[in-house]
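As a plain string of letters, each chain reads:
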Amino acid sequence: MICYAPFWETLKKSKETTYTLITKHHISSATIDKLRKDKPLNTTTLNDLCIILNCNLYDIAEYRPSSTDQRL
């Protein structure tokens, strides 16, 4: 499963907060909720977060094997 734990660590180290992401950068509160709950995000949103936080994708998301992963 994709986990967004790195995002929260990256956010803590940045000058941004969830409030500034919503108000200044127009990231929706629904997106913040998806990050909190490790729900799927589209690549455009991930790209936007990388730009805002001046970071790489691995600073936002990581793959963690899980027993709930859907097999192909």
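Above: the structure in question.
Below you will find a few notes about this structure. This structure is a prediction, so every number in the text was calculated from the model and none was measured. (Residues numbered from 1 in each chain as written. Predicted model: local features only at pLDDT ≥ 70, side-chain atom pairs only at ≥ 80, totals over all residues. Heavy atoms only, no water.)

**A look at the overall build of the chain**
On a plain count of helices and strands, the chain comes out with 4 helices and 2 strands. Judged by the C-alpha coordinates and their principal axes, the chain covers about 40 × 20 × 20 Å. For the chain, contacts bridging at least 24 residues in sequence account for 62% of all contacts bridging at least 6. A total accessible area of about 5200 Å² is found for the chain, and carbon and sulfur atoms account for 54% of it. Both charge centroids of the chain, one from 10 positive and one from 8 negative side chains, sit 3 Å from each other. (Helix = DSSP H or I, 4+ residues; strand = E, 2+ residues; numbered from the N terminus. Contact = heavy atoms within 4.5 Å. Areas by Shrake-Rupley, 256 points an atom, 1.4 Å probe, with all protein chains shown as cover. Lys, Arg positive; Asp, Glu negative; His and termini not counted. Charge placed at Lys NZ, Arg CZ, Asp CG, Glu CD.)

**Regarding the packing of aromatic side chains**
Summed over the entire model, instances satisfying the criterion amount to 1 aromatic pair. Seen in terms of ring centroids, Phe7 and Trp8 are 4.8 Å apart; in terms of plane orientation they differ by 80°. Their pairing is edge-to-face. Judged by relative accessible area, Phe7 falls into the buried class, the value being 0%. Using a relative accessible area of 23% as the deciding quantity, one classes Trp8 as partly exposed. (Phe/Tyr/Trp six-rings, centres within 6.5 Å; stacked < 30°, edge-to-face > 60°. Buried < 20%, exposed > 50% of the residue type's maximum accessible area, 1.4 Å probe, protein only.)

**Side note on the environment of Ser67**
Turning to its location among the elements, Ser67 is positioned in the segment after β2 (62-63). The exposure class of Ser67 is exposed, given its relative accessible area of 77%.

**Let's talk about the nonpolar core**
If you look at the biggest cluster of nonpolar residues, it comprises 16 residues, and the most contacted ones within it are Tyr4, Phe7, Leu21, Leu35 and Ile60. Looking at this core, the elements that each hand over two or more residues are α1 (5-13), α3 (29-36) and α4 (43-53). Looking at this core element by element, the count peaks at 5 residues for α4. The contacts of Tyr4, once residues within four sequence positions are left out, are Lys34, Leu35, Asp38, Lys39, Pro40, Leu41, Leu46, Ile60 and Ala61. (Core = buried A, V, L, I, M, F, W, Y, C linked by side-chain atoms within 4.5 Å.)

**With respect to unusual backbone geometry**
Positive phi, close to 55°, is recorded for Asp38, a residue that is not glycine. Residues other than glycine seldom take positive phi values, yet Asn54 does so here, at roughly 50°. For Asn54, the location among the structural elements is in the loop between α4 and β2.

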